[in-house]
Each structure stands twice: as structure tokens, then as C-alpha cells.
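This is what each chain is made of:
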Number of protein chains: 2
Amino acid sequence: MITLNYRDSRPIYEQIQEGLKRLIVTGAIAAEERLPSVRTLATQLSINPNTIQRAYAELEREGYCYSVPGKGSFVSGSVDTGEKRGKELKDHLFALAAELKFLGVPEEELLELVRRAGAAETDKKEGTL
Amino acid sequence: MITLNYRDSRPIYEQIQEGLKRLIVTGAIAAEERLPSVRTLATQLSINPNTIQRAYAELEREGYCYSVPGKGSFVSGSVDTGEKRGKELKDHLFALAAELKFLGVPEEELLELVRRAGAAETDKKEGTL
DNA sequence: CTAACCGTACTAAGTCACTTAATACAGTCA
DNA sequence: TGACTGTATTAAGTGACTTAGTACGGTTAG
């Protein structure tokens, strides 16, 4: 499911982009599976098809999906679920840890934080879209 | 030192806000110390005083500083260097770690990432502004 | 007191990204 | 053939951000 937040400062197309990226990377939408058409998704979300189009174009540019005129848009087979996004997130985690250390937070506290994270991640699989 | 990035999608006032927050929270600008005047900083950064004003107003709203008409703007005494921001960052780190685990990244890899973070943080103290 | 600072407030204008709308065209497929 | 697909284009509206200019009252050194 993709949720739009109109109060968010981030543009809609970017929220859709992020939302789809998550669905792809978590395997909620499998490789080679077809994404909803720009018009369909636009109708479901009550926004303009152009906005969806833009989100899809960005995703394609990033290699998360590819489009075939006349057929539809599909998830790339080479995404390696969690591989691409994992890299970004790890960089993020690294930067965050560095900053916290800079602020004087003891390393052990951060390590404990990481250990406790994601303890209840069993019933979260969704595929509704 | 505050650096502006005009390519950044984030507005200038927000970049200034973030930059000052960092200087305050790291102790580069001590509690009760006076911040540069809106006009001074505006001149230094070659932007409009109104934009600085907005950044200051946001910082005041968040409790990082307070302003006295006719005197200037000053860092709040109750900031607890690294306390406030540290809380936010820890929440962020926690969420990030949870997501990475969800993607199947082994805990030990994350722990190692945290251990390696912030190794070269000795010569970064600046006070130039 | 005066002049030079300070924060604050307001209006007007311009710019730009985002979004919508309305088409249009070509490819796919039952 | 008709109903879908993706893609492209132009035009318009909106809103946030930024600048510019001006103004007012408080503070402070000379």
C-alpha cells in the first residue's frame, strides 16, 4: 500500500517512488512482476497520471524497474532484493553512527540500540498495494 | 562554518537552521553566547536578511535560541549539548537498523559498521562560523 | 541626545518546482 | 477493432522560497 502525505514537504512523485522502491526491495512485488499502469495507479491515488509517470521514470533511471510501451512497467530482475537499497541504508547508518559518536554518545549504547532493533518483524509482510 | 548548497532541494533557511543547530549542539557556540545578527550573517552569506530571520525564528521555536529585540539572538542555556538532537538521532538509528535487519542484513555486519564509524573525528572542531 | 546597531514586521514581486489538465501518438493484445 | 499500455508535449495553476524595500521600537556606545 502506498500512502500519500500531502503535508509532507517532499513532492508526491517522490513519495510514490519511495513507496514502490520499498515494495520492490522487500519483495512485496516480485521481480518481473508487472507494476500497476500509470493510469490505474493515478486513479487509485486520485492524482494525475503525469505524476505517476514521473515516479516510474525515476525508478527506471535508478534501475528498479523497466517499461515496455504497450505492455506495462515491470520490476527489474536484477534488483537483488535488499541489495541496492541496503547499500544506501548502510551508508546512512554509518553516517548516523559517526555523528552520534561525535556528540559523545558511547559506542556501547549505539551497539545496544542496533541489537534491540527489529525484534518484532514477523507479521509485517503485505502485498495489498 | 555554514555552507550553503544551492543545488540542494532543501530551502536555504533550513540549511542555515541545520547548520546553526549543529554548531550549538556540538558546543561550537556556547550557551548564552551571542549569534551573529541577522543582517551580519545575511551579508556574510550573501543572502537576504529575511531568510536568516526565518531560520532564527525556527530555531527559537525549537528552543535552541532566544532573541532579545535591540540586543541580539542568543543560544539557549537549556540546550544540553547533544542531548536533544541525540535523542532524535538515536531514534533514527534504531529505525534504520530495524529496516536493515528486515532486509536480511546480519546484525554483526551492522555492529561492525557502528564500530568503524567516526574513527577520524579529532580535527573537526571549528569555531569560525 | 544621537547615531548605529539590534530584532521584528509587513507588503510586493519574482522565481521555480510541483502538479494538473488535455491531448496526442505508437505499441500490445484479446 | 477497441481497449488497454507507455510516452510526449503544451499550457496553466498553485504554493513555497527568496528577494527587496520599508518601517518601527529597543539597546548601547559616544
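Located above this text is the structure these notes cover.
Residues numbered from 1 in each chain as written. Chains lettered and ligands numbered in written order. Predicted model: local features only at pLDDT ≥ 70, side-chain atom pairs only at ≥ 80, totals over all residues. Heavy atoms only, no water.

Considering the sheet that holds strand β3 (residues 72-75) of chain B
Residues and elements named next belong to chain B.
Okay, so step 1: Across the sheet, three strands lie side by side as β1-β3-β2; this open sheet has antiparallel pairing. Two strands in the sheet have a free side with no partner beyond their single neighbour: β1 (34-35) and β2 (65-68).
Okay, so step 2: As paired strands, β1 and β3 are joined by two bridges and run antiparallel to one another. Across the sheet, R34 pairs through a bridge with F74, a residue of β3.
Okay, so step 3: Contacting β1, β2 and β3, helix α3 (residues 49-61) crosses the sheet at an angle of about 120° to β2. (Pairing = 2+ DSSP bridges. Helix = DSSP H or I, 4+ residues; strand = E, 2+ residues; numbered from the N terminus. Contact = heavy atoms within 4.5 Å. Axes fitted to C-alpha atoms, helices over the stretch in contact; angles between N-to-C directions.)

Describing the pairing of β3(B)
All names here are of chain B.
Okay, so step 1: Of the two faces of β3, the one lined by G72 and F74 and the one lined by S73 and V75 are each fully buried.
Okay, so step 2: Here β2 runs beside β3; their pairing, made up of four bridges, is antiparallel. Directly across from S67, in β3, lies its bridge partner S73.
Okay, so step 3: Taken together, β2 and the strand that follows it, β3, pair antiparallel across an intervening segment of three residues, in which G70 is found at a positive phi of about 95°. (Buried < 20%, exposed > 50% of the residue type's maximum accessible area, 1.4 Å probe, protein only.)

Topic: the environment of R54(A)
Residues and elements named next belong to chain A.
Okay, so step 1: Locating R54 in the fold gives a position in helix α3 (residues 49-61).
Okay, so step 2: Residue R54 is classed as partly exposed on the basis of its relative accessible area, which comes to 43%.
Okay, so step 3: Each C-alpha atom, one on R54 and one on V38, is 9.5 Å from the other, the two residues being 16 residues apart in sequence.

Observations regarding the environment of Y13(A)
Residue and element names in this part refer to chain A.
Okay, so step 1: Position of Y13 relative to the elements: it lies in helix α1 (residues 12-25).
Okay, so step 2: Overall, the relative accessible area of 18% leaves Y13 in the buried class.
Okay, so step 3: Distance from Y13 to A55, taken between C-alpha atoms, is 4.9 Å for residues 42 residues apart in sequence.
Okay, so step 4: The contact partners of Y13, leaving out residues within four places of it in the chain, are T51, R54, A55 and E58.
Okay, so step 5: Of note is the side chain of Y13, whose polar atom sits 3.4 Å from the side chain of R54. (Polar contact = N/O pair within 3.5 Å; in protein donor to acceptor, adjacent residues only side chain to side chain.)

So, the interface of chain A and chain B
Okay, so step 1: Contact with chain A, which involves 31 residues of that partner, is made by 31 residues of chain B.
Okay, so step 2: Together chain A and chain B conceal approximately 3300 Å² of surface at their shared face, both sides included; 75% is due to carbon and sulfur atoms.
Okay, so step 3: A salt bridge links E109(B) to K90(A), with the nearest nitrogen and oxygen atoms 2.8 Å apart.
Okay, so step 4: Put simply, chain A and chain B have 10 residue pairs in polar contact (both at pLDDT 80 or more) between them.
Okay, so step 5: Elements with a minimum of two residues in the side of chain A that touches chain B: α1, α4 (83-102) and α5 (107-116) of chain A.
Okay, so step 6: The element best represented in the side of chain A that touches chain B is α4(A), accounting for 14 residues.
Okay, so step 7: When the residues that make up the side of chain A that touches chain B are grouped by side-chain class, the tally is 16 nonpolar, five polar and 10 charged. (Buried area = accessible area lost by both parts, 1.4 Å probe. Salt bridge = Lys/Arg side-chain N within 4 Å of Asp/Glu carboxyl O. Nonpolar A, V, L, I, M, F, W, Y, C, P; charged D, E, K, R; others polar.)

Topic: the protein's contact with DNA strand C
Okay, so step 1: Residues in contact with DNA strand C amount to 27 residues; listed here are only the nearest, I12(A), N48(A), N50(A), T51(A) and S37(B).
Okay, so step 2: Backbone atoms, meaning sugar and phosphate, form 62% of the atoms of DNA strand C found within 4 Å of the protein.
Okay, so step 3: V38(B) is positioned with one of its backbone polar atoms (N or O) 3.1 Å from a phosphate oxygen of DNA strand C.
Okay, so step 4: Between S67(B) and DNA strand C, the recorded distance is 3.5 Å, taken from a side-chain N or O atom to a phosphate oxygen.
Okay, so step 5: Elements supplying a minimum of two residues to the surface near DNA strand C: α1 and α3 of chain A together with α2 (38-45), α3, β2 and β3 of chain B.
Okay, so step 6: When the residues that make up the surface near DNA strand C are grouped by side-chain class, the tally is eight nonpolar, 12 polar and seven charged. (Near = heavy atom within 4 Å.)

Focus: the relation of the copies chain A and chain B
Okay, so step 1: Screw-axis analysis of chain A against chain B gives a translation of 0.0 Å along the axis, an RMSD of 0.4 Å, and a rotation angle of 179°. The superposition of one copy onto the other is thereby described by a two-fold rotation axis. Of the C-alpha atoms belonging to chain A, the one lying closest to the rotation axis is found on L111(A), 2.8 Å away.
Okay, so step 2: Same-surface contact between copies: 100% of interface residues of chain A are shared with the interface of chain B. (Least-squares fit on C-alpha atoms with pLDDT ≥ 70 in both.)

Considering the protein's contact with DNA strand D
Okay, so step 1: Taken together, 27 residues are adjacent to DNA strand D, and S37(A), I12(B), N48(B), N50(B) and T51(B) come closest.
Okay, so step 2: Take the atoms of DNA strand D that sit within 4 Å of the protein: sugar and phosphate atoms are 63% of them.
Okay, so step 3: Note that a phosphate oxygen of DNA strand D is positioned 3.3 Å from one of the side-chain N or O atoms of T40(A).
Okay, so step 4: Side-chain polar atom of T51(B) to a phosphate oxygen of DNA strand D: 2.7 Å apart, as the coordinates give it.
Okay, so step 5: Those elements that provide at least two residues to the surface near DNA strand D are α2 (38-45), α3, β1 (65-68) and β2 (72-75) of chain A together with α1 (12-25) and α3 of chain B.
Okay, so step 6: The residue makeup of the surface near DNA strand D, split by class, is eight nonpolar, 12 polar and seven charged.

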